[in-house]
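# Examination of the molecular architecture
Given next are the chains, with one letter for each unit.
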Amino acid sequence: MADLSTNFLGIRSPNPFWLASAPPTDKQYNVERAFRAGWGGVVWKTLGEDGPPVVNVNGPRYGAIHGADRRLLGLNNIELITDRPLEVNLREIAEVKKNWPDRAMIVSIMVPCEEQAWKAILPLVEATGADGIELNFGCPHGMSERGMGSAVGQVPEYIEMVARWCKQTTRMPVIVKLTPNITDIRYPARAAKKGGADAVSLINTISSIISVDLDSFSPTPSIDGRGSHGGYCGPAVKPIALNMVAEIARDAETRGLPISGIGGITTWRDAAEYIALGCGTVQVCTAAMTYGFKIVQEMIDGLSAYMDEKGFRTIEDFRGRAVPNVTDWQYLNLNYIAKARIDQDACIKCGRCHIACEDTSHQAITSMVDGKRHFEVIDAECVGCNLCVSVCPVENCITMEEMVAGTDPRTGRPVSPDYANWTTHPNNPMARVAAE
Ligand SMILES: Cc1cc2nc3c(=O)[nH]c(=O)nc-3n(C[C@H](O)[C@H](O)[C@H](O)COP(=O)(O)O)c2cc1C
Ligand code: SF4
Ligand code: SF4
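Residues numbered from 1 in each chain as written. Chains lettered and ligands numbered in written order. Predicted model: local features only at pLDDT ≥ 70, side-chain atom pairs only at ≥ 80, totals over all residues.

Note the threshold: UniProt positions are given in the numbering used here, feature names are shortened, and annotations may be inferred rather than shown by experiment.
The name given to the protein chain in an unreviewed UniProt entry is dihydrouracil dehydrogenase (NAD(+)), and the organism recorded there is Methylobrevis albus. Per UniProt, the protein chain has the following entry under Sequence similarities (unreviewed entry): "Belongs to the dihydropyrimidine dehydrogenase family." Listed under Subunit (unreviewed entry) in UniProt, the entry text for the protein chain is "Heterotetramer of 2 PreA and 2 PreT subunits."

## Quick notes on the site of ligand 2
Stated precisely, the cut-off is as follows: For each residue, a C-beta atom is placed from the backbone, and the residue is labelled near a molecule or strand when this atom is within 6 Å of it. When residues are sorted by character, Ala, Val, Leu, Ile, Met, Phe, Trp, Tyr, Cys and Pro go into the nonpolar class, Asp, Glu, Lys and Arg into the charged class, and all the rest, Gly among them, into the polar class.
Residues in close proximity to ligand 2 total 14 residues, the closest being Cys357, Ala364, Cys382, Cys385 and Cys388. Here the residues of the shell around ligand 2 are counted per class, giving ten nonpolar, four polar and no charged.

## Regarding unusual backbone geometry
This is how it is decided: Strands are runs of DSSP state E lasting at least 2 residues, helices are runs of H or I lasting at least 4, and numbering of each runs from the N terminus. With C-beta atoms placed from the backbone, a residue is labelled by how many other C-beta atoms lie within 10 Å of its own: buried for 20 or more, exposed for 12 or fewer, partly exposed between the two.
The linkage connecting Leu202 with the following residue, Ile203, adopts the cis geometry, with an omega of 15 degrees. In this fold, Ile203 is placed in the loop between strand 10 (199-202) and strand 11 (206-208). At the junction of Thr220 and Pro221, the peptide bond is cis and its omega measures out at -5 degrees in the coordinates. Along the chain, Pro221 turns up in the loop between strand 13 (219-220) and strand 14 (230-233). The backbone of Lys349 shows a phi angle near 60 degrees, a positive value even though the residue is not glycine. Mapping Lys349 onto the fold places it in the loop between strand 17 (338-342) and helix 11 (352-360). Exposure remark for Lys349: the 11 C-beta atoms within 10 Å place this residue in the exposed category.

## Considering the sheet that holds strand 15 (residues 259-262)
Quick note on the threshold: One bridge is not enough; two strands pair if DSSP finds at least two bridges between them. Note on definitions: angles span 0 to 180 degrees between N-to-C directions of axes, and those axes are lines fitted to C-alpha atoms, for helices only across the stretch in contact.
A barrel is described by the order of its strands in space; here eight strands give the closed sequence 3-4-7-8-9-10-15-16, paired in parallel fashion. Geometrically, the sheet is characterised by an average inter-axis angle of 25 degrees between neighbouring strands, direction not taken into account. Bridge count between strand 15 and strand 16 (residues 281-284): three bridges; the pairing is parallel. Residue pairing for strand 16: Ile262 is matched across the bridge by Gln283.

## Observations regarding helix 10 (residues 295-310)
Counted only if it meets this: The span expected for a helix works out to 1.5 Å for each residue beyond the first. Note: the arc covers the axis-to-C-beta directions of the helix. Once C-beta atoms have been placed from the backbone, residue pairs whose C-beta atoms lie within 7 Å are recorded as contacts.
Over its 16 residues, helix 10 extends 23 Å from the first C-alpha to the last, a length consistent with the 22 Å expected when each residue adds 1.5 Å. Among all positions of helix 10, only Val296, Met299, Ile300, Leu303 and Met307 are buried. One side of helix 10 holds all its buried residues, which, seen down the axis, span an arc of 95 degrees. For helix 10, exposure combined with an orientation more than 90 degrees from the buried face picks out Gln297, Asp301, Asp308 and Glu309. The elements touched by buried residues of helix 10 are strand 3 (17-19), helix 1 (28-37) and helix 8 (268-276).

## Some remarks on the packing of helix 5 (residues 156-169) against helix 6 (residues 186-194)
As a reminder, the rule being used: Angles below 35 degrees are treated as roughly parallel, those above 145 as roughly antiparallel, those between 65 and 115 as roughly perpendicular, and all remaining angles as oblique. Handedness of a helix crossing follows the sense of rotation of the near helix relative to the far helix, less than a right angle counterclockwise being left-handed and clockwise being right-handed.
It is the contact of helix 5 with helix 6, at a shortest axis distance of 7 Å, that shows an interaxial angle of 25 degrees. Taken together, the axis directions place helix 5 and helix 6 in an arrangement best described as roughly parallel. In this structure, helix 5 meets helix 6 at a crossing whose hand is right-handed. Residue-level inspection shows Pro156, Glu157, Ile159, Glu160 and Ala163 of helix 5 in contact with helix 6, the latter providing Tyr187, Pro188, Ala191, Ala192 and Lys194. Broken down by class, the residue content of the contact of helix 5 with helix 6 amounts to seven nonpolar, no polar and three charged.

## A short note on the packing of helix 8 against helix 10
Put simply, helix 8 and helix 10 touch, their axes get as near as 8 Å, and they point 60 degrees apart. Judged by the angle between their axes, helix 8 and helix 10 are oblique. Seen along the crossing, helix 8 lies across helix 10 with a hand that is right-handed. Contact residues: Trp268, Ala271 and Ala272 in helix 8; Glu298, Met299, Gly302, Leu303 and Tyr306 in helix 10. Looking at the contact of helix 8 with helix 10 residue by residue, the class counts come to six nonpolar, one polar and one charged.

## What to know about the nonpolar core
Test applied: For the purposes of this analysis, a nonpolar core is taken to be any set of buried Ala, Val, Leu, Ile, Met, Phe, Trp, Tyr and Cys residues that are connected through C-beta atoms within 7 Å.
Among the nonpolar cores identified, the biggest contains 93 residues, and Ile133, Val176, Val200, Val245 and Ala271 are the most heavily contacted of them. Looking at this core element by element, the count peaks at seven residues for helix 7 (residues 238-250). Not counting residues within four places of it along the chain, the set of residues in contact with Val200 comprises Ile175, Val176, Leu178, Ala189, Ala192, Ile248, Leu257 and Ile259. Grouped together as the second largest cluster of nonpolar side chains are 13 residues, Cys353, Ile365, Phe375 and Cys382 included.

## Considering helix 3 (residues 115-126)
Between its first and last C-alpha, helix 3 extends 17 Å over twelve residues, near the 16 Å set by a 1.5 Å rise per residue. Along helix 3, the residues classified as buried are Trp118, Ile121, Leu122 and Val125. Relative to the axis of helix 3, the buried residues are bounded by an arc of 115 degrees and lie together on one face. For helix 3, the exposed residues set more than 90 degrees away from the buried face come down to Gln116 and Pro123.

## A word on the pairing of strand 14
Alignment of strand 6 (residues 72-77) against strand 14, held across three bridges, turns out to be antiparallel. By the bridge assignment for strand 14, Asn76 is matched with Tyr232. Two strands pair when backbone bridges link them, and strand 11 and strand 14 are joined in this way by three bridges, in the antiparallel orientation. Directly across from Ile206, in strand 14, lies its bridge partner Tyr232.

Given below as structure tokens:
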């Protein structure tokens, strides 16, 4: 039986599944329910400065994108950090940590970008017995307009400065939570490392307007006829987050920096992908808000079964395994050739592959053969682009098959077993210059 326990910055948890800082972790009631359901740890909903708490809107704060089956694909929110008094949160954090000593308790913090403000709150959090802190440099709405959240996360120098203040003040490990609302994620990650942060977590939400009401002409969620940009998360953001995680994992300046992966994690597979890209733990928000805390059981069972099947005893056995396979486009093997294959028994003859390939790709799928509706790949036209696989409604009905020998009927050239990339390709003007 696989061992799912993790040791992230010295913080132990029975499994890598943490709840991200958000409504599921806003109070003792929720967090204890989550721990009972099996979550390995939580990042408590972001705390602000002592004093009157922030105020949330009193109307809709969420909006969503759904698939055709009404499954939630993306969630948008205009919620702020915790709107409960600091002292109530601190008391509850201490109690939960005492009741659940084997679970990871990280506290998310966001206070103004002034040294005194950080130095004032850190001892209070430390006194709760929490295992670590996460600096929220990510919220793209409400708090950023007040000079916090992503307003800090978008300026690497500020990240470095605040991380350093925290490291100088506290014994607790410091995780910097990054905003995806930036052009190149490597710069804030490097700044966090330079400031002494022990780890980064990503992503926070993506700046977004989820929709516009075409009767009232208000962006949604609408508060008395007006809307504001919010933060986007859920399954739709996973690809963006995975890429950012990979960028940090393979960057020479941040390689080896511990990462807690966040963004769209809904199944054990999503989590395993983050771990394969180097993450030591993963965090979940939208999936818990959509399906409830018990979803973690499926994640635990699924990950455990996968690890058993692969012979991985611990998370460390496969953590980061995919990182060396992430490369830049110019290093992809241009001699690799694949063709689409249609399983005629599985095909329901809907014609989507044909129309996609015919109208927008390479006219490589038949629609009629001998006067009958029949969908088959024409190898002499197929460039192996994978569009038909992507649009076919039947899973695994179309697959891509590698050509390992013979002649490619499309180009008339023999299939080469050698690796050759763009950097040395004769059509690359830079390669020609280098050769001369
Ligand atoms: C309603 C809501 C409130 C959130 N509040 C916070 C917060 O207070 N602090 C924070 O760091 N992230 C906050 N987040 C972001 C999540 O922690 C997480 O980074 C993001 O939702 C991506 O994960 P997901 O795709 O699993 O939801 C919030 C997200 C949602 C949906
Ligand atoms: S892989 Fe691309 S080119 Fe080949 S059949 Fe499918 S859509 Fe057409
Ligand atoms: S899209 Fe899939 S199911 Fe539909 S015709 Fe093509 S192969 Fe058959």
